[in-house]
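Spelled out from the first residue to the last, the chains are:
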Amino acid sequence: MCSCDSIANYIGIAPHLYESGTSIKRNDKTSKMANQQVKAIVTNGIQSAIQYDPQIQAYYTRKISEGKSHGVVYNNVKNKLISRVFPTIHRGTPYVKLNSYA
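Being a predicted model, the structure only gives us computed values, none of them experimental. (Residues numbered from 1 in each chain as written. Predicted model: local features only at pLDDT ≥ 70, side-chain atom pairs only at ≥ 80, totals over all residues. Heavy atoms only, no water.)

If you had to explain the overall build of the protein chain to someone new, which residues and values would you point to?
Each helix and strand in the protein chain was counted, giving four helices and two strands. When the helices and strands of the protein chain are placed in sequence order, the string is α-β-β-α-α-α. Considering the protein chain as a whole, with its 102 residues, one finds that 28% of them fall into the buried category. For the protein chain, contacts bridging at least 24 residues in sequence account for 54% of all contacts bridging at least 6. With an accessible surface of roughly 7300 Å², the protein chain has 56% of that area assigned to carbon and sulfur atoms. (Helix = DSSP H or I, 4+ residues; strand = E, 2+ residues; numbered from the N terminus. Buried < 20%, exposed > 50% of the residue type's maximum accessible area, 1.4 Å probe, protein only. Contact = heavy atoms within 4.5 Å. Areas by Shrake-Rupley, 256 points an atom, 1.4 Å probe, with all protein chains shown as cover.)

What follows is the structure in structure tokens.
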């Protein structure tokens, strides 16, 4: 069974550290060597989640109001969606919405 991290890496939404020794340190970037079809499907899924899921919508608006860029917030929401889907599949039970963490 694959983990959420390996799937996020395969889709191309896992940020990778970009540095060379001690002198060159840049912002983390996602890999361009990804499965673009799956990444597009996940992007469509998060657009729907931002529109219809109150928890994701609250997270998205909070991060945008903090000044984060649209792409960074989209990538974070993609990772949240992946981290919701894979434990649900692994347990074999339906997704349970917890309001205590909203």
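Once the structure has been displayed, the description carries forward.
I'd like a description of the pattern of salt bridges, backed by residues and values.
Evaluation of the coordinates by the stated rule reveals three salt bridges. For Glu66, the salt bridge goes to Lys63, with nearest N and O atoms at 3.4 Å. Taking relative accessible area as the criterion, Glu66 reaches 47% and is therefore assigned partly exposed. Residue Lys63 is classed as buried on the basis of its relative accessible area of 16%. (Salt bridge = Lys/Arg side-chain N within 4 Å of Asp/Glu carboxyl O.)

Describe in detail the environment of Lys32, supporting the description with residues and values.
Checked against the element boundaries, Lys32 lands in the loop between strand 2 (24-30) and helix 2 (36-52). Residue classification places Lys32 among the exposed positions, given a relative accessible area of 73%. Remark: the alpha-carbon pair of Lys32 and Ile13, spanning 19 residues in sequence, is separated by 9.4 Å.

Describe in detail the packing of helix 2 against helix 3 (residues 54-65), supporting the description with residues and values.
Between helix 2 and helix 3, whose axes approach to 6 Å, the crossing angle comes to 95 degrees. It follows from the interaxial angle that helix 2 and helix 3 lie roughly perpendicular. Counting all contacts with helix 2, which are made through Ala49, Ile50, Gln51 and Tyr52, the residues of helix 3 involved are Pro54, Ile56, Gln57 and Tyr60. Class assignment of the residues belonging to the contact of helix 2 with helix 3 gives a composition of six nonpolar, two polar and no charged. (Axes fitted to C-alpha atoms, helices over the stretch in contact; angles between N-to-C directions. Parallel < 35°, antiparallel > 145°, perpendicular 65-115°, else oblique. Nonpolar A, V, L, I, M, F, W, Y, C, P; charged D, E, K, R; others polar.)

Talk me through the confidence of the model for the protein chain; I want residue IDs and the actual numbers.
Looking at the protein chain as a whole, its pLDDT mean stands at 82, while 89% of the residues score no less than 70. For the protein chain, per-element mean pLDDT is lowest for strand 2, which scores 71, and highest for helix 3, which scores 94. (pLDDT = per-residue confidence, 0-100.)

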